[in-house]
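A look at the structure
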Amino acid sequence: MAGLTEDKVLGINGIKGEEEDTKVIDQVIREEGGQGERDMAPPGGNSIHRSGSRPQLDVSKAAIEGNFEEKDPIILLPNQSDDISHLAIDIGGSLIKLVYFSRHEDRSINDKRKKTLKERLGISNGSRRSYPILGGRLHFVKFETSKINECLDFISSKQLHHGGMDSRWHSELLANDNAVIKATGGGAYKFADLFKERLGVGLDKEDEMNCLVAGANFLLKAIRHEAFTHMEGQKQFVQIDQNDLFPYLLVNIGSGVSMIKVDGEGKFQRVSGTNVGGGTYWGLGRLLTKCKSFDELLELSQMGDNRTIDMLVGDIYGGMDYSKIGLSASTIASSFGKAISENKELEDYRPEDISLSLLRMISYNIGQISYLNALRFGLKRIFFGGFFIRGHAYTMDTISFAVQFWSKGDAQAMFLRHEGFLGALGAFMSYEKHGLDDLMVHQLVERFPMGAPYTGGKIHGPPLGDLNEKISWMEKFVQKGTEITAPVPMAPAGTTGLGGFEVPLSKGGTLRSDASALNVGVLHLVPTLEVFPQLADPKTYEPNTIDLADHSELEYWFTVLSEHLPDLVDKAVASEGGTEDAKRRGDAFARAFSAHLARLMEEPTAYGKLGLANLLELREECLREFHFVDAYRSIKQRENEASLAVLPDLFMELDSMSEETRLLTLIEGVLAANIFDWGSRACVDLYHKGTIIEIYRMSRNKMQRPWRVDDFDVFKERMLGSGDKKPPPHRRALLFVDNSGADIVLGMLPLARELLRRGTEVVLVANSLPALNDVTAMEVPDIVAEAAKHCDILRRAAEAGGLLVDAMIDTLDGSKENSSSVPLMVVENGCGSPCIDLRQVSSELAAAAKDADLIILEGMGRALHTNFNAQFKCDALKLAMVKNQRLAEKLIKGNIYDCVCRYEPAS
């Protein structure tokens, strides 16, 4: 569009997320009675064996608290007397790993509109389970075993041994002699008396191998990007089909190595192992290098050159390959082999070279033995875990190389993001009726608050508790002048080098042994999330359009987000009244989000597979973490009022047009109104050049076809037909709305009105939580009620859809002959972002979608950044104005302010 200047802009707003304290999606331990849940039965398989002597939930005389029709009724257990600990612990020789569960007060209200909606969509409470399903969060925390008292203080401060401070199941006497904590690892025996003395609880010891397998099974089935390969420093996440998981080989590398063939839930056997493992590396390394710690030994390896001490094939064959049997000159013929022929003593060799040679010798042998066992049993998948790996890049590379080498590329070594927590997670799952068995992959959302731990390596900083603790921690590091590269302070970035037999690239630089480690977030368990039923193929669906694997792409968007940060902080602080507390939180948010960006720039896969939508989502999560609920609240209200004031004139203008002209004008109106986006700096600049209505009319006047992507004529034919042939109207249309103000009021509402006029049910789909100036599902009914005062079509539809339950609105137009009794409904999408992942939507959206035959995705976040390439079972229309020059060039080979009208008939 002429007259509008290009800028580096973030042409979207918000992120899917959940507010730490006020989110309505998180649940108290409860049972979800939604329609969709009956369709989510887990695949068959035996549960892991659990002893009947464990504390159990007494569900006798269990009762629903409050209205039975509520979306997520709380179940009271009046006869529950035992303290139920939702904490499990794995105490190893170096690290203590905790997994604990927290649940939240339900803040849902008895909403008549929701009740009407459930009746209209046919959502019932369904068949109830005999025990509650968990809804809340799983937290992962680490401590050094040598500082076990810090661990005990943490458990005590959060009352985790009594079910947590938010528990509804506290017994009247906290000091219950029967209270137990599930524990595994050697320390469960060593420190049992200390736990009894300090916390008054017993440690209920679980078999270590049982726990490892149970933890691995859960993670591989429940976490989308849990498994990854690691070759030559590059991570690649692997999607595991949970219906095709078994059998697999789990290789646990601790002091020694155990190889476990896993055939199903609770079905496994140790098929092999080796006494050459992590203990061998550490023991020999300590003797040969005088290193004082395992981490120090690993760090040395990254500065080593194994060619000075290993005998290579090239050393034997005069620098040549032995090509006849496929051995390159750089292949290790004999680990430490050069020490035989050289007249040197131990002190003549560099400790760095010894450490690397030792690491490769042990890693290659473990990789080879593992592959041979997989071959022996016909297993396609090999997963590696244990203290020896701990996220260390060289270790993973050498194991991967060995598996690839000996299998001739037929097999791959895979690693787990949560591998350090397998035992603790398995111990947690040994509680009776923990509820995790029924959870599906789409019901788990991982968040990364400040202080999320690494999978391996050292402990950096304390587990961060409440908000003040987080803010103080951030301020402390800033005052010390220590750069936070987050969520924990880190050493400067460096190269991890190549795997296989090549010489490491890092020469003399300091690199932490866990520099390649992945972060472990908080797992949000949300039983109400479902897969969008209209996806053509959920297994191949990828929400992100922009792949940030390209480093230049990553750097560009990091710059955009960083430049947008000061304006966002100003808005957030202003939304909280500009108080000193708000300023302090705003400052902490800016530091925290900058730290996340720095961490991801250093290690893009630190939080799992990274797409642009994930970055934007992370920003909104971070805002909510520092208690900024709705940064653009007052701006949204102001823009809604201004747009509603001119809506009657727009309705009159539209009603005077022919059917064909009106349809084109409506699509133009949606595209023009989509210019109002506080996430776009170029668009924000326009606000200073005129009123909202002036900008809207200017934007509409500049709409000239053909648009950059223009399928309007195909859409028009489906809507209006050609010649005398009139197609039937759609049964139900889902309209995914974007921004507040002109975007919804002057763009999407008039389009919804047209569909209603034609006899199509309309469901407006809006955010569950605020994100920049996006409209939320809580705000839409008020907007519709105001608009309905000027339109009989909207009034009748809103009444039929339960949006005007308490209001009788006088109609101001006389077009009763055009009125329709088909309903207009509003549903939450289950997230707080314009970038929607349709693998995780609210149960009410999933229910509404089952009978839909038209989907309209509007805005950059939903139609471009995500879902631009998504295929659906029903008709789909994607509408957006591109408000970012780089995105326009990359996606549609166009320019900023070009428009997309992409219509795709049902697959």
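Computed from a predicted model, the values in this text were never measured in an experiment.

1. Comments concerning the overall build of the chain
When you go through the chain residue by residue, the secondary structure sums to 27 helices and 27 strands. Residues classed as buried in the chain amount to 62% of the 907 residues present. Of the contacts formed within the chain by residues at least 6 apart in sequence, a portion of 77% connects residues at least 24 apart. Surface exposure of the chain reaches about 33800 Å², of which carbon and sulfur atoms provide 49%.

2. Observations regarding the pattern of salt bridges
Pairing between side chains of opposite charge can happen when their charged atoms approach one another. One pass over the full model with this rule turns up 49 salt bridges. Lysine 261 is paired through a salt bridge with aspartate 263; the nearest N and O atoms lie 2.8 Å apart. A relative accessible area of 13% means that lysine 261 is categorised as buried. Across the pair aspartate 738 and arginine 862 runs a salt bridge, and its minimum N-O distance is 3.3 Å. Of this pair, aspartate 738 sits in the loop between β21 (732-736) and α22 (742-757) while arginine 862 is found in helix α26 (residues 860-865), placing the two residues 124 residues apart along the sequence. The burial state of aspartate 738 is the same as that of arginine 862; both residues are buried. Salt bridges linked by common partners bring Asp655, Arg662, Arg753, Glu754 and Arg757 together as one network.

3. A look at the packing of aromatic side chains
Under the defined criterion, the tally for this structure stands at 21 aromatic pairs. An angle of 40 degrees between the planes, with centres 6.0 Å apart, marks the rings of phenylalanine 228 and phenylalanine 415 as tilted. Of this pair, phenylalanine 228 sits in strand β8 (residues 227-231) while phenylalanine 415 sits in strand β16 (residues 412-416), placing them 187 residues apart in sequence. Considered together, phenylalanine 228 and phenylalanine 415 belong to a single accessibility category, that of buried residues. Judged by centre distance (4.2 Å) and plane angle (10 degrees), the ring pair of phenylalanine 448 and tyrosine 607 falls under stacked. Of this pair, phenylalanine 448 sits in the loop between β17 (444-447) and α13 (467-479) while tyrosine 607 sits in the loop between α15 (580-602) and α16 (612-625), and the two are 159 residues apart along the sequence.

4. So, the side chain of arginine 619
You can see arginine 619 is positioned in helix α16. At 3.3 Å, the side chain of arginine 619 forms a polar contact with the side chain of histidine 564.

5. Description of the pairing of strand β4 (residues 95-102)
Most of β4 sits out of view: eight of its eight residues are buried. A two-sided burial pattern is seen for β4, the buried positions comprising Leu95, Lys97, Val99 and Phe101 on one face and Ile96, Leu98, Tyr100 and Ser102 on the other. The sheet contact formed by strand β3 (residues 87-91) and β4 spans five bridges and is antiparallel. Across the sheet, alanine 88 pairs through a bridge with valine 99, a residue of β4. Hairpin geometry of β3 and β4 is characterised by an intervening segment of three residues between the two adjacent antiparallel strands. Where β4 lies against strand β5 (residues 136-144), eight bridges are found, and the strand directions are antiparallel. Residue pairing in the sheet places leucine 95 in a bridge with glutamate 144 of β5.

6. Observations regarding the sheet that holds strand β25 (residues 854-858)
The mixed open sheet is built from seven strands, whose spatial order is β20-β27-β26-β25-β21-β22-β23. A single partner strand is all that each edge strand has here, and the edge strands are β20 (709-710) and β23 (824-828). Pairing of strand β22 (residues 761-766) with β23 involves five bridges; the strand directions are parallel. Counterpart to valine 762 in the pairing with β23 is leucine 824. Docked against the sheet, helix α21 (residues 712-720) engages β20, β26 (875-881) and β27 (899-904), running at close to 45 degrees with respect to β27.

7. Examining the sheet that holds strand β6 (residues 180-184)
Spatial strand order, β7-β6-β3-β4-β5-β18-β17: seven strands in an open sheet with mixed pairing. Either end of the sheet is taken by a strand with one partner, and the two such strands are β7 (202-205) and β17. Taking each pair of neighbouring strands and ignoring which way they run, the sheet shows an average axis angle of 25 degrees. The sheet contact formed by β6 and β7 spans four bridges and is parallel. Each bridged residue has a counterpart across the sheet, and for alanine 183 the counterpart in β7 is lysine 205. Those strands touched by helix α4 (residues 192-199) are β3, β6 and β7, and its axis lies near 145 degrees from that of β7.

8. A few points about the nonpolar core
Of all hydrophobic cores here, the largest spans 82 residues; its most connected members are Phe532, Phe589, Leu615, Phe626, Leu734 and Phe736. Here the element with the most residues in this core is helix α14 (residues 551-575); it accounts for 11 residues. Sequence-distant contacts of phenylalanine 589, defined by excluding residues within four places in its chain, comprise Leu565, Leu568, Val569, Arg619, Cys622, Leu623, Phe626 and Phe628.

9. Some points on the packing of helix α6 (residues 278-289) against helix α7 (residues 294-301)
At their nearest, the axes of α6 and α7 sit 10 Å apart, and the two run at 80 degrees to each other. The orientation of α6 with respect to α7, classified from their angle, is roughly perpendicular. Contact residues: α6 offers Gly278, Tyr281, Trp282, Gly285 and Thr289, while α7 offers Phe294, Leu297, Leu298, Leu300 and Ser301. Here the residues of the contact of α6 with α7 sort into six nonpolar, four polar and no charged.

10. Quick notes on helix α18 (residues 659-673)
The terminal C-alpha atoms of α18 lie 21 Å apart, and with 15 residues this matches the ideal 21 Å at 1.5 Å per residue to within 8%. Burial analysis of α18 places 11 of its 15 residues in the buried class, the great majority of the element. Of the positions making up α18, those classed as buried are Arg662, Leu663, Thr665, Leu666, Ile667, Glu668, Gly669, Val670, Leu671, Ala672 and Ala673.

11. Some details on the environment of aspartate 713
If you trace the backbone, aspartate 713 turns up in helix α21. Look at aspartate 713 and you get partly exposed, because its relative accessible area is 43%. Considered as a pair, aspartate 713 and tyrosine 903 are 190 residues apart in the sequence and their alpha carbons are 9.3 Å apart. Among the polar contacts made by the side chain of aspartate 713, one reaches the side chain of arginine 705 at a distance of 3.3 Å.

12. Quick look at unusual backbone geometry
Going from phenylalanine 246 to proline 247, the amide bond is cis rather than trans, its omega being -5 degrees. As for its placement among the helices and strands, proline 247 is situated in the loop between β9 (234-238) and β10 (248-253). Put simply, arginine 705 and proline 706 share a cis peptide bond, and its omega is 0 degrees. Relative to the helices and strands, proline 706 is located in the loop between α20 (692-701) and β20. Within the chain, lysine 408 stands out as a residue other than glycine whose phi angle is a positive 55 degrees.

Calculation criteria
- All residue numbers refer to positions counted from 1 along the written sequence of the respective chain.
- Where local features are concerned, this predicted model is filtered to residues with pLDDT of at least 70; where side-chain atom pairs are given and counted, the filter is 80 or more; whole-chain, interface and lining totals use all residues.
- The side-chain values count all of the structure's non-hydrogen atoms but skip hydrogen atoms and water molecules.
- Labels follow the DSSP assignment, with helices taken as runs of H or I lasting at least four residues and strands as runs of E lasting at least two, numbered in each case from the N terminus.
- Exposure is judged per residue with a 1.4 Å probe applied to protein chains only, and the accessible area is read against the type maximum: over 50% gives exposed, under 20% gives buried, and values in between give partly exposed.
- Residue contacts follow a heavy-atom distance rule, with two residues in contact if any of their heavy atoms lie within 4.5 Å.
- To be clear on the numbers: accessible area is Shrake-Rupley with a 1.4 Å probe, and residue cover counts the displayed protein chains and nothing else.
- Salt-bridge detection follows one rule: a side-chain nitrogen of Lys or Arg within 4 Å of a carboxyl oxygen of Asp or Glu.
- Classification of ring pairs uses Phe, Tyr and Trp, with its six-membered ring standing for Trp, and accepts pairs whose centres are within 6.5 Å; under 30 degrees between planes counts as stacked, over 60 as edge-to-face, and the remaining range as tilted.
- Nitrogen and oxygen atoms within 3.5 Å of one another constitute a polar contact, given that in protein one can donate a hydrogen and the other can accept it, and given that sequence-neighbouring residues count only through two side-chain atoms.
- Strands pair, by our definition, only if DSSP identifies at least two bridges between them.
- A fitted line through C-alpha atoms represents every axis, and for helices the fit uses only the stretch in contact; the resulting angles, taken between N-to-C directions, go from 0 to 180 degrees.
- To form a nonpolar core, buried Ala, Val, Leu, Ile, Met, Phe, Trp, Tyr and Cys residues must be joined to one another through side-chain atoms within 4.5 Å.
- Comment on the angle field: the value is read as roughly parallel under 35 degrees, roughly antiparallel over 145, roughly perpendicular from 65 to 115, and oblique elsewhere.
- Gly counts as polar in this scheme, as do all residues outside two lists: the nonpolar Ala, Val, Leu, Ile, Met, Phe, Trp, Tyr, Cys and Pro, and the charged Asp, Glu, Lys and Arg.
- Expected span, for any helix, means 1.5 Å times one less than how many residues it has.

The analysis is restricted to geometry; functional conclusions fall outside its scope.
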